[in-house]
Amino acid sequence: MKKITIAIDGFSSCGKSTMAKDLAREIGYIYIDSGAMYRAVTLYSIENGIFTGNDIDTEKLKKQIKDIHISFQLNPETGRPDTYLNGANVEKKIRTMEVSSRVSPIAALDFVREAMVARQQAMGKAKGIVMDGRDIGTTVFPDAELKIFVTASPEIRAQRRYDELKAKGEEAGFDEILENVRQRDYIDQNREVSPLRKADDALLLDNSHMTISQQKEWLAEQFDKVCKS
Ligand code: CDP
Ligand code: CDP
C-alpha cells in the first residue's frame, strides 16, 4: 500500500503522542515526537549555561545548535521510542516540570525552529511517518495527506498530565501544571514563527470526553478513509 504522511498537531497534553504512537505502531510507520526535539534543546540549554535565570543566551545557543544531536531509538521494554541527546538517553529528563516550564520560549526562537524543521523534514522524506507537534500540518509537512488538530479543555489536559506524573512518582501540583499548560498554549499560539494553529485542511478532534481507545478508533477510521480515497 502507498505510504502517506500523517501530521498530528494541537494543544499541550491533549493526547497527541498517545494516539500518534499507537497508530504508527499499528500501521508500521515511523513515529516522531517533534516536541521531544524542542525539549531536548531545552535540556541542553539548561545543562550548558544557556539560561541565566529566565534569560536565554541566544548567541551562545545559535553557535551551538549544530552540535545538538537528537535521535530516537526504540525502547524494547515500552515498545516506544526514547529520545537521545548527544548519545545519552534523556527520555526521563526531558519530561520534567523544569523542562516543561522552559521549553516554549526556546521553541519560539527562529533559528531553533529552522534547525528542527529541517531535521524533521529530512526524517519524513520517504513518507510512512506519523509526526506530532504544533506546526507539523502547517509548516513541516504542509502536503501531509492526513492532518489532525487535537484539542481538549485546559482543566482536562492538566488533570491528564497530573495523573501521568503521579503514576511516574513525580509530584507536581495540579495548579502548577494547569498554569504551565495555559502558559505554553499562550506562547505557542502567539509566537512569530509558525505559531500553533489548525491547518485549514486539518480534521478537528476535541477529545475532552473521549477515552484513549475511543480516540484510537477514531484515528484508525480517518486513516482508513484517506487510504481508500
Ligand atoms: O507533550 P506536550 O504537549 O507537553 O508538549 P510537547 O509536544 O512535548 O512540546 C513541548 C513544547 O515544544 C511545546 O509546548 C511547544 O512550545 C514546543 N513545540 C513546538 O513549538 N513545535 C512542535 N512542533 C512541537 C513542540
Ligand atoms: O502528546 P500530548 O502532550 O498531546 O499528550 P499525551 O502525552 O499523549 O497525553 C497526555 C496524557 O493524557 C497521557 O497520560 C495520556 O495517557 C492521557 N490521555 C487520556 O487520559 N485520555 C485521552 N483521551 C488522551 C490522553
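Scroll up for the structure.
Calculation notes
Residues numbered from 1 in each chain as written. Chains lettered and ligands numbered in written order. Predicted model: local features only at pLDDT ≥ 70, side-chain atom pairs only at ≥ 80, totals over all residues. Heavy atoms only, no water. Near = heavy atom within 4 Å. Polar contact = N/O pair within 3.5 Å; in protein donor to acceptor, adjacent residues only side chain to side chain. Areas by Shrake-Rupley, 256 points an atom, 1.4 Å probe, with all protein chains shown as cover. Helix = DSSP H or I, 4+ residues; strand = E, 2+ residues; numbered from the N terminus. Nonpolar A, V, L, I, M, F, W, Y, C, P; charged D, E, K, R; others polar.

Caption draft 1: Seen up close, the site of ligand 1. Ser 13, Arg 39, Arg 113, Asp 188 and Arg 191 are the nearest of the 19 residues found near ligand 1. Within the side chain of Ser 104, a nitrogen or oxygen atom sits 2.9 Å from an oxygen atom of ligand 1. Side-chain polar atom of Arg 113 to an oxygen atom of ligand 1: 2.8 Å apart, as the coordinates give it. Burial of ligand 1 by the protein amounts to 97% of the accessible area it has alone, namely 530 Å². Mapped by element, the contributors of at least two residues to the shell around ligand 1 are helix 2 (34-47), helix 4 (97-107) and helix 8 (174-190). In terms of residue count, the dominant contributor to the shell around ligand 1 is helix 2 (four residues). When its residues are assigned to classes, the shell around ligand 1 shows four nonpolar, six polar and nine charged.

Caption draft 2: Inspection of unusual backbone geometry at higher detail. With phi around 60°, Ser 13 is a residue other than glycine that occupies positive phi space. Within the secondary structure layout, Ser 13 lies in the loop between strand 1 (5-10) and helix 1 (16-27). The residue Ser 194 is not glycine, and still its phi comes out positive at about 30°. Assignment of secondary structure puts Ser 194 in the loop between helix 8 and strand 10 (203-206).

Caption draft 3: How the structure looks around the site of ligand 2. Neighbouring ligand 2 are 16 residues; Gly 15, Lys 16, Ser 17, Thr 18 and Glu 164 lie closest to it. The backbone of Ser 13 places a nitrogen or oxygen atom 3.0 Å from an oxygen atom of ligand 2. A distance of 2.5 Å separates an oxygen atom of ligand 2 from a polar side-chain atom of Thr 18. Protein burial of ligand 2: of its 540 Å² of free accessible surface, 82% is covered by the chains. When grouped by side-chain class, the residues that make up the shell around ligand 2 number four nonpolar, seven polar and five charged.

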